[in-house]
Amino acid sequence: MDVITTVREMKAYVKAVRQRGETICLVPTMGYLHKGHLDLMRMGRNLSDHLMISIFVNPTQFGPAEDLSRYPRDFEQDRRLSGEVGVDSIFFPTPEEMYPKGYATYINVEGITGTLCGVSRPTHFRGVATVVAKLFNICEPDVAIFGEKDYQQLAVIRRMVEDLNMNVRVVAHPTVREEDGLAMSSRNKYLNGEQRVSALVLNRVLGMARDLVAGGERKTEAIRKKALDMIASTPDAVVDYVEIVHPETMQCIDMIEDRAILALAVKIGTTRLIDNTELKSS
Ligand code: AMP
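Since the model is a prediction, treat every value here as computed from it, not as a measurement. Here, residues in each chain are numbered from 1, in the same order as that chain's written sequence. At least 70 in pLDDT is required for a residue's local features to be given in this predicted model, at least 80 for side-chain atom pairs to be given and counted, and no such filter applies to totals for whole chains, interfaces and linings, which use all residues. The side-chain quantities take in all heavy atoms of the structure and omit both hydrogens and water.

Peer 1: Would you mind going over the overall build of the chain with me for this structure?
Peer 2: Here a helix means four or more residues in a row that DSSP labels H or I, a strand means two or more in a row labelled E, and each is numbered from the N terminus. In terms of helices and strands, the chain carries 10 helices and 9 strands. Expressed as lengths along the three principal axes of its C-alpha atoms, the size of the chain is roughly 55 × 40 × 40 Å. Only protein chains enter the accessibility calculation, which uses a 1.4 Å probe. A residue is then buried if its area is under 20% of the maximum for its type, exposed if over 50%, and partly exposed in between. Burial status across the chain gives 54% buried among its 282 residues. It only takes one pair of heavy atoms within 4.5 Å for two residues to be counted as in contact. Sequence-distant contacts in the chain: of pairs separated by 6 or more residues, those separated by 24 or more amount to 72%. Within the structure as shown, the chain displays about 13400 Å² of accessible surface, and the carbon and sulfur contribution to it stands at 49%. The average position of the 35 basic charges and that of the 38 acidic charges among the side chains of the chain differ by 2 Å. Computed with a 1.4 Å probe, the accessible areas rest on the Shrake-Rupley method; for each residue, only the protein chains presented here act as cover. Asp and Glu are treated as the negative residues and Lys and Arg as the positive ones, with His and the ends of the chain left uncounted. The atoms used to mark charge sites are NZ of Lys, CZ of Arg, CG of Asp and CD of Glu.

Peer 1: What exactly am I supposed to notice about the sheet that holds strand β7 (residues 237-245) here?
Peer 2: Two orientations exist for strands paired in a sheet by backbone hydrogen bonds: parallel and antiparallel. The 3 strands are arranged β7-β8-β9 in an open sheet whose pairing can be described as antiparallel. With partners counted over all chains shown, the strands left at the sheet margins are β7 and β9 (271-280), one partner each. Across the sheet, the mean angle from the axis of one strand to that of its neighbour is 15 degrees, orientation sign disregarded. Across the sheet, helix α9 (residues 200-214) is in contact with β8 (259-268) and β9; its angle to β9 comes to roughly 15 degrees. Axes here refer to lines fitted to C-alpha atoms; in helices the fit is confined to the stretch in contact. Angles between the N-to-C directions go from 0 to 180 degrees. Strand contacts of helix α10 (residues 220-232): β7 and β8, with the helix running at about 165 degrees to β7, the strand carrying the most contacts. Criterion used throughout: strands pair if DSSP finds at least two bridges between them.

Peer 1: What is the right way to look at the site of the ligand in this model?
Peer 2: Throughout this document, a residue counts as near a molecule or strand when at least one of its heavy atoms sits within 4 Å of that molecule or strand. Residues in contact with the ligand amount to 15 residues; listed here are only the nearest, Met30, His37, Asp150, Val176 and Met184. For the purposes of these results, a polar contact is taken to be a pair of N or O atoms within 3.5 Å, where, inside protein, one atom must be able to donate a hydrogen and its partner to accept one; residues adjacent in sequence count only when each atom of the pair is a side-chain atom. With respect to the ligand, the side chain of His34 contributes an N or O atom lying 3.5 Å from a nitrogen atom. Contact between the ligand and Val176: a nitrogen atom at 2.8 Å from a main-chain N or O atom of the residue. Computed on the free molecule, the ligand has an accessible area of 490 Å², of which 93% lies beneath the protein chains in the complex. Elements represented by at least two residues in the shell around the ligand include exactly β2 (24-29), α2 (35-45) and β5 (143-147). We call Asp, Glu, Lys and Arg charged. Ala, Val, Leu, Ile, Met, Phe, Trp, Tyr, Cys and Pro are nonpolar, and the rest, Gly among them, are polar. Here the shell around the ligand is built from residues that sort into 7 nonpolar, 6 polar and 2 charged.

Peer 1: Whenever I open this one, the confidence of the model for the chain confuses me. Can you help?
Peer 2: The pLDDT score gives, residue by residue, the confidence of the prediction method on a 0 to 100 scale. In the predicted model, the chain carries a mean pLDDT of 98, and the fraction of residues at 70 or more is 100%. Confidence, expressed as mean pLDDT per element, reaches its minimum in the chain at helix α5 (residues 117-120) with 96 and its maximum at strand β4 (residues 89-91) with 99.

Peer 1: Just checking my understanding: could you explain the layout of surface pockets for this structure?
Peer 2: Picture a little ball the size of a water molecule; that probe, rolled over the atoms, points out where space is still empty. Here a cavity means grid points, on a 1 Å grid over the protein atoms only, where a 1.4 Å probe fits yet cannot get out; a pocket means an open set of points with protein on both sides within 12 Å along at least five of seven lines; lining residues are those with an atom within 4 Å of a point. Grid points are joined across faces, edges and corners, and a volume is the space filled by probe spheres set on the points. Roughly 250 Å³ of internal volume is contained in the second largest pocket. Around the second largest pocket sit Ile112, Glu148, Tyr151, Leu154, Ala155, Arg158, Arg159, Glu162, Ala172, Pro247 and Glu248, which together line it. Tallying contributions element by element places helix α7 (residues 151-163) first for the lining of the second largest pocket, with 6 residues. Grouping the constituent residues of the lining of the second largest pocket by class yields 6 nonpolar, no polar and 5 charged.

Peer 1: Looking at this model, I keep getting lost on the packing of α9 against α10. Mind explaining?
Peer 2: At a minimum axis separation of 10 Å, α9 and α10 run at an interaxial angle of 155 degrees. On the basis of the axis angle, α9 is roughly antiparallel to α10. For α9 against α10, the interelement crossing comes out right-handed. The residues of α10 that touch α9, namely those facing Val201, Arg204, Val205, Met208, Ala209, Leu212 and Val213, are Ile223, Lys226, Ala227, Met230 and Ile231. Oblique is the label for any angle not under 35 degrees, not over 145, and not in the 65 to 115 range, which are roughly parallel, roughly antiparallel and roughly perpendicular in turn. If you view the pair so one helix is near and one far, a crossing is left-handed when the near helix is turned anticlockwise from the far one by less than a right angle, and right-handed when it is turned clockwise.

Peer 1: Just checking my understanding: could you explain the environment of Thr29 for this structure?
Peer 2: Inspection of the secondary structure puts Thr29 in strand β2. Sequence separation between Thr29 and Arg169 is 140 residues, and the spatial gap between their C-alpha atoms is 17 Å. What Thr29 contacts, discounting residues up to four positions off in sequence, is His37, Met41, Ser54, Ile55 and Phe56.

Peer 1: Help me understand α9, please; the structure alone is not making it clear to me.
Peer 2: In this model α9 runs 21 Å from its N-terminal to its C-terminal C-alpha over 15 residues, within 8% of the 21 Å that 1.5 Å per residue would give. Restricting attention to buried positions, one finds in α9 the residues Leu200, Val201, Leu202, Asn203, Val205, Leu206, Gly207, Met208, Ala209 and Val213. Each element contacted by the buried residues of α9 is listed here: α8 (193-198), α10, β8 and β9. Immediately beyond the C-terminal end of α9, within one or two residues, lies Gly216, with a positive phi of roughly 110 degrees. Expected span of a helix, by definition, is 1.5 Å for each gap between consecutive residues, and there is one gap fewer than residues.

Peer 1: What is the right way to read the sheet that holds β5 from this model?
Peer 2: Within the open sheet, the 6 strands sit side by side as β1-β4-β3-β2-β5-β6. Their pairing is parallel. Strands with a single pairing partner mark the edges of an open sheet, and in this sheet they are β1 (2-4) and β6 (169-173). Strand-to-strand, the axes of this sheet are offset by a mean angle of 25 degrees, without reference to chain direction. One ladder, built from 6 bridges, connects β2 with strand β3 (residues 50-55); its direction is parallel. Looking at the pairing, Ile24 lines up with His50 of β3. Sitting on the sheet, helix α6 (residues 124-139) touches β2, β3, β4 and β5, and the angle it makes with β2 is about 150 degrees.

The structure is reproduced here in C-alpha cells:
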C-alpha cells in the first residue's frame, strides 16, 4: 500500500494509475478509522480497480470553539486497518500542504447548508465542500463514497458535483451501527460509560419516529415533540436540533408526504453526536 503526502506526488501517482487504465474509487475520511469507514472501503473495492482513501483532519470544517486539536488521530492503526481491507493508496497530507500560505478559495453551497448542522456549525459545509473539491481535483476519482450517517454532507456534495459539473460519481453507503444501535463515529471515543448509555437515545428516537410514521402519523411537529421529550429525559443529553426535512433540499417540512429525513444532533456531555433516518409514508 502506498502512502502519499504531497499534492505534487499524488498528481503524478494518479496519472500513472490512469495510464495503466485503472479506475479510481476515493473514500475521503478524517482517519481514526472504525468499522463504518472500513465498510465504505469494502464497497469501494468492488466499484473500481484502484481503491484510494484520504486521511485528513480538515481544519476549515471546524469552528473556532470545536474539537479540531483534540480530534482523535492514529495513523499507524489506520494504515494497518486500511491494508486489511485492500486499500491501494492513502493520501495523507498536512494542513500546510492543503492550505499553503496565501490560500484564498472556498466553495459555498447555498440553500441546503442553511438548516441542520449548517445552523449550529455555520462555516462547516464551506470547509467540507472546499476540501472535497480539492480532493477530487488532486485524486481524480471516477467514484467517491460517502456515508449516509452525514446525510446533509452527502446532499451538499451531490449538489456541488452536479452544479460544478464534476466528473465523479457519488455513491452513498448506509449508516453502520454498533450492535446496540449507536451509529459508529470517531467521536464515540469521547464518551464515558454512562454517556455511552445516554447516547443510545439518538437511535431510540429514530426508531420511535419510524414507528409513528408506520402507524399513520404524518405531522412532523408531533414526531419532533416526542423526540424532544425523549432527549430531555435522558441524563447528560442536550438537544442541538431535531428536524424533519426534505431529502434533497434539507428544508424543514410540516407534513410527511412521501419520503423525509429525520435528522438529530444531540450533545452528550461535551460530545456532539448526529444521526438520521429516512421516514417513508408508504
Ligand atoms: P469522517 O472520518 O467522520 O469524516 O467520515 C468519513 C466518511 O465515512 C464520511 O463519508 C462519513 O459519512 C462516513 N462514515 C462515518 N461514520 C459512518 C458510519 N457509522 N456509517 C456510515 N458511514 C460513516
